[in-house]
Amino acid sequence: MNPIGILGGTFDPIHFGHLRLAEEMLELAGLEQIRFIPAGTPPHRGSPQVSAQQRSMMVQLAIADQPAFVLDEREVKRDRLCYTVDTLGELRAELGATQPLCLLMGGDAFLQLHTWHEWERLFELAHIVVGYRPGYTLDERIEVAPEMLRKHYRERLCAVEVMAHAPCGGVAELAIPKLEISATDIRRRVAEGRTIRYLLPNAVADYIHQHHLYTSC
Ligand code: ATP
């Protein structure tokens, strides 16, 4: 069974950094599909004048021409904070015990995994696929992470190909060039009246301008 990928984020707004990460992971990990799950009420961040529904709409516009990318709105439809572990639990219940699931993230996010709610349970629900910049192996950077995270990383490290044969529990790394694009920078550019063309899909840029989003930082 080909694994299903899960990419959560604030997507405030979604940009080509997210889309290239997803596209490369789709190919390199042989994923069936990738579910984009915009966060509902992001703690300590986000743009107050942009609603969760608008962030979600921008994801929909961005992924419209890639049939393997699917918008999953379960977190934005909730009125309370959602933890990844709960979202994964729901997906596991819906998709069945044997379906391989891969939680996708950048290397920086993985090195902070121990700060996530009930983070060790994530391994019982999904594999984790980490994208790292070529030349910056996680193997060196993991040395500064807490012992428990290092232990899981070392014990669970596997080839991404293996993930199709088990529902959860592995950690794989993929060398994926990181585009120097950040949502923070895009928001700042819009607020300053500067161009955002070629940093994100035209449909998303048009939506931002039409709805006067990010006009103040
Ligand atoms: P900000 O720039 O405001 O920090 P962000 O785009 O980094 O926002 P999210 O939308 O939460 O934040 O990111 C979702 C996921 O996409 C994370 O796993 C993050 O590591 C990854 N990601 C974000 N930007 C890039 C990029 N330029 N290249 C590759 N992966 C990225």
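Residues numbered from 1 in each chain as written. Predicted model: local features only at pLDDT ≥ 70, side-chain atom pairs only at ≥ 80, totals over all residues. Heavy atoms only, no water.

Caption draft 1: Structural view of the sheet that holds strand β5 (residues 127–132). Spatial strand order, β3-β2-β1-β4-β5-β6: six strands in an open sheet with parallel pairing. Of all the strands in the sheet, the pair left with one neighbour each is β3 (69–71) and β6 (171–175). For this sheet, the mean angle separating the axes of adjacent strands, direction not counted, is 30°. Relative to β6, β5 runs parallel, the two sharing five bridges. Within β6, the position partnered with V129 by the bridge is A172. Against the sheet, helix α2 (residues 52–63) makes contact with β2 (33–38) and β3, and its axis sits at roughly 160° relative to β3, the strand it touches most. (Pairing = 2+ DSSP bridges. Helix = DSSP H or I, 4+ residues; strand = E, 2+ residues; numbered from the N terminus. Axes fitted to C-alpha atoms, helices over the stretch in contact; angles between N-to-C directions. Contact = heavy atoms within 4.5 Å.)

Caption draft 2: Summary view of the environment of L21. Note that L21 resides in helix α1 (residues 16–28). Given a relative accessible area of 18%, L21 falls into the buried group. Between the C-alpha atom of L21 and that of I176, which follows or precedes it by 155 residues, the distance is 7.0 Å. Aside from chain neighbours lying at most four places away, what touches L21 is L7 and I176. (Buried < 20%, exposed > 50% of the residue type's maximum accessible area, 1.4 Å probe, protein only.)

Caption draft 3: Here's a closer look at the site of the ligand. Lining the immediate surroundings of the ligand are 18 residues, of which H18, L179, I181, A183 and T184 lie closest. At a separation of 2.8 Å, an oxygen atom of the ligand approaches a polar side-chain atom of H18. Contact distances for the ligand include 2.9 Å between an oxygen atom and a backbone N or O atom of A183. Protein coverage of the free-state accessible area of the ligand, which is 610 Å², stands at 82%. (Near = heavy atom within 4 Å. Polar contact = N/O pair within 3.5 Å; in protein donor to acceptor, adjacent residues only side chain to side chain. Areas by Shrake-Rupley, 256 points an atom, 1.4 Å probe, with all protein chains shown as cover.)

Caption draft 4: Spotlight on the packing of α2 against helix α9 (residues 202–210). Close contact between α2 and α9 brings their axes to 8 Å; oriented N to C, the two are set at 150°. One finds that α2 runs roughly antiparallel with respect to α9. For α2 against α9, the interelement crossing comes out right-handed. Residues Q54, M57, M58, L61 and A62 of α2 touch α9, and the partners they reach there are A203, V204, Y207 and I208. Residues that form the contact of α2 with α9 fall into these classes: eight nonpolar, one polar and no charged. (Parallel < 35°, antiparallel > 145°, perpendicular 65-115°, else oblique. Left-handed = near helix turned anticlockwise from the far one by under 90°. Nonpolar A, V, L, I, M, F, W, Y, C, P; charged D, E, K, R; others polar.)

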